[in-house]
Amino acid sequence: MPLALLALAVGAFGIGTTEFVIMGLLPEVADDLHVSIPTAGHLVSAYALGVVIGAPLLAAVTARLSRRTVLIGLMALFVAGNVLSAFAANYDYLLAARFLSGLPHGAFFGVGAVVATTMVAPERKARSVSLMFLGLTVANIVGVPAATLMGQHLGWRATFLGVSVIGVAAIASLAFLIPHDQAQAPVVGLRRELTALKSLPVWLALGTTVAGFGALFSAYSYITPMLTDAAGFAEGSVTLLLALFGVGATAGNLVGGRLADHSLRGTLFGGLTSLAVVLALFPVLMTTEWTAALAVVLLGMAAFVTGSPLQLMVMEKASAGPSLASSANQAAFNLANAGGAWIGGLALAAGFGATSPALAGAVLAVLGLGVAATAATVDRRRAVPGRERVVATHVPEQSPALQP
């Protein structure tokens, strides 16, 4: 695997840290800026909104720039958003800065995934994407707990300054490690990128992402009350348990990348099935502390087994213009975050019990399987006889046929 994947992982680590650390610092931010905790919670939504808007928008406006330049520029915007967050004079300024911080998130992962797959042999594409995502999952083990402790002891502003330093390190890594061929502007163009989004298989792949990761966030958004109210953990233990989720996610991400290089669709179906089963078992697993801890690890593993297969599926279905579709998949991921949390909240508010969001998530995972099965049916009708793995026809980037 090329060393350049390390640069992408460093950027992913910084992005993952800033995305999730705010959840652990809401009391400190609310107290310092004199707002309620529910109001401070809008900072999470502002970041997610930035991701959803920025992912396709920035991928589209940078379609004719070199991918190396785009990645460095996106990370510079990320640093700017975090520096502005650190020096925000009041809540409204912080809200705007968090939105700005979220803008480059989806496009960075989308363009980064395209770059990762172009640097390896075809049989290692999924593994290369999983190694980039490794930065995101490791952030949940190391970055988020460390940044949370920093914010609690040095103030929440110090956390955003620390994340900015990670962003600067990522910029340096990208500048030195991304190979020269990625410094040339792609000839695909915006028209070809937009045309790729008209494909039904692309939208079915995006729909699978929304349903599959909506299942995860339906449960994960309410994991704390499940652990405290159902399993009986003390609130002080939750941070360690969330780190266990990161361990499971990291393992699932690596396993998923390796398996997907052998069977992309098989890994996707297996991951979604595992996720549905794990979520359906939550009412049983949350009855004792040790089984609850196991459930947290299994949740991370089952969900992130599907991460790189879904990303690669979208890219292969939009092979003529993969950057925009790949970035749109990150927007789909954040729509899943918001939608899953909303659906899980409905189950909780209806009085179905502390573990009801997990059961709602199991239903979403089954829905994801249905969308994936529909996509497989569409593929079979269009497929060349004898092809088992979903692999898009490769068109060289420098081909004149790609000129818009």
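Before reading on, note that the structure itself is shown above.
Treat the numbers as computed from the prediction; the structure is a model and nothing was measured.

Caption draft 1: Structural context of the overall build of the chain. Scanning the chain for helices and strands turns up 17 helices and 0 strands. Looking at the chain as a whole, 55% of its 404 residues are labelled buried. Carbon and sulfur atoms make up 70% of the accessible area of the chain, which amounts to about 16000 Å² in all.

Caption draft 2: Highlighting the packing of aromatic side chains. This model, assessed by the stated rule, comprises 8 aromatic pairs. Taking 6.3 Å as the distance between ring centres and 75° as the angle between the ring planes, the aromatic pair formed by phenylalanine 245 and phenylalanine 304 counts as edge-to-face. Within this pair, whereas phenylalanine 245 is found in helix α11 (residues 238-260), its partner phenylalanine 304 is found in helix α14 (residues 289-304), the two being separated by 59 residues in sequence. For the pair shown, phenylalanine 245 and phenylalanine 304 are each scored as buried. One aromatic cluster in this structure is built from Phe213, Phe217, Tyr220, Phe245, Phe304 and Phe333.

Caption draft 3: Just the environment of leucine 94, in detail. Mapping leucine 94 onto the fold places it in helix α5 (residues 91-118). For leucine 94, a relative accessible area of 0% corresponds to the buried category. Distance from leucine 94 to alanine 40, taken between C-alpha atoms, is 9.8 Å for residues 54 residues apart in sequence.

Caption draft 4: Region of interest: a nonpolar patch on the surface. Taken together, Leu49, Ile53, Leu57 and Val61 make up a surface patch of nonpolar side chains, about 350 Å² in accessible area. Structurally, the position occupied by leucine 49 is in helix α3 (residues 42-61).

Caption draft 5: Inspection of the nonpolar core at higher detail. Formed by 57 residues in total, the largest nonpolar core has its most connected members in Leu216, Ile223, Leu227, Leu275, Leu279, Phe282 and Met286. The element contributing the most residues to this core is helix α9 (residues 200-220), with 9 residues. Residue contacts for leucine 275: discarding those within four places in its chain leaves Gly212, Ala215, Leu216, Leu299, Ala302, Ala303 and Ala365. Counting residues in each nonpolar core, the second largest holds 36 residues, with Val51, Leu74, Val79 and Met132 among its members.

Caption draft 6: Molecular detail of helix α16 (residues 322-349). End to end, α16 covers 40 Å across 28 residues, agreeing with the expected 40 Å (1.5 Å per residue, within 8%). For α16, the buried fraction is high: 20 of the 28 residues fall into the buried class. Following α16 by one or two positions, glycine 351 has its phi on the positive side, about 85°.

Caption draft 7: Structural detail: the environment of leucine 134. Residue position: leucine 134 is located in helix α6 (residues 125-154). Excluding its chain neighbours within four sequence positions, the residues that come into contact with leucine 134 are Thr250, Asn253 and Leu254.

Caption draft 8: Representation of the pattern of salt bridges. Inspection of every chain in the model, using the stated rule, returns 4 salt bridges. Of the charged contacts in the structure, one is a salt bridge between arginine 157 and aspartate 32, with a shortest N-O distance of 3.6 Å. With arginine 157 in helix α7 (residues 156-177) and aspartate 32 in helix α1 (residues 4-33), this residue pair connects regions lying 125 residues apart in the sequence. Residue aspartate 32 is classed as partly exposed on the basis of its relative accessible area of 36%. Where arginine 265 meets aspartate 379, a salt bridge forms, and the shortest distance between an N and an O atom there is 2.2 Å.

Caption draft 9: Molecular detail of the side chain of glutamine 311. Mapped onto the elements, glutamine 311 comes out in helix α15 (residues 307-317). Taking relative accessible area as the criterion, glutamine 311 reaches 1% and is therefore assigned buried.

Caption draft 10: Representation of unusual backbone geometry. One non-glycine residue, histidine 34, lies in positive phi territory at about 60°. Checked against the element boundaries, histidine 34 lands in the loop between α1 and α2 (37-40). The exposure class of histidine 34 is exposed, given its relative accessible area of 74%.

Caption draft 11: Representation of α7 in the model. End to end, α7 covers 32 Å across 22 residues, agreeing with the expected 32 Å (1.5 Å per residue, within 8%). Listing the buried residues of α7 in full gives Trp156, Ala158, Thr159, Phe160, Val163, Ser164, Gly167, Ala170, Ser173 and Leu174. Each element contacted by the buried residues of α7 is listed here: α1, α4 (67-86), α5 and α6.

Caption draft 12: Summary view of the environment of leucine 77. Turning to its location among the elements, leucine 77 is positioned in helix α4. On the accessibility criterion, leucine 77 (25% relative accessible area) is partly exposed. Contact partners of leucine 77, with chain neighbours within four places excluded, come to Leu58, Leu100, Leu103 and Pro104.

Caption draft 13: Here's a closer look at the packing of α1 against α3. The contact between α1 and α3 brings their axes to 9 Å, and the two run at 160°. It follows from the interaxial angle that α1 and α3 lie roughly antiparallel. When the axes of α1 and α3 are compared, the crossing they make is right-handed. Seen from α1, the contacting residues are Ile15, Thr18, Glu19, Ile22, Met23 and Val29; seen from α3, they are Leu43, Val44 and Tyr47. Residues belonging to the contact of α1 with α3 are distributed by class as follows: 7 nonpolar, 1 polar and 1 charged.

Criteria and thresholds
Residues numbered from 1 in each chain as written. Predicted model: local features only at pLDDT ≥ 70, side-chain atom pairs only at ≥ 80, totals over all residues. Heavy atoms only, no water. Helix = DSSP H or I, 4+ residues; strand = E, 2+ residues; numbered from the N terminus. Buried < 20%, exposed > 50% of the residue type's maximum accessible area, 1.4 Å probe, protein only. Areas by Shrake-Rupley, 256 points an atom, 1.4 Å probe, with all protein chains shown as cover. Phe/Tyr/Trp six-rings, centres within 6.5 Å; stacked < 30°, edge-to-face > 60°. Patch = residues over 30% accessible without salt bridge, like charges linked within 9 Å, V, L, I, M, F, W, Y side chains within 5 Å. Salt bridge = Lys/Arg side-chain N within 4 Å of Asp/Glu carboxyl O. Core = buried A, V, L, I, M, F, W, Y, C linked by side-chain atoms within 4.5 Å. Contact = heavy atoms within 4.5 Å. Expected span 1.5 Å × (residues − 1). Axes fitted to C-alpha atoms, helices over the stretch in contact; angles between N-to-C directions. Parallel < 35°, antiparallel > 145°, perpendicular 65-115°, else oblique. Left-handed = near helix turned anticlockwise from the far one by under 90°. Nonpolar A, V, L, I, M, F, W, Y, C, P; charged D, E, K, R; others polar.

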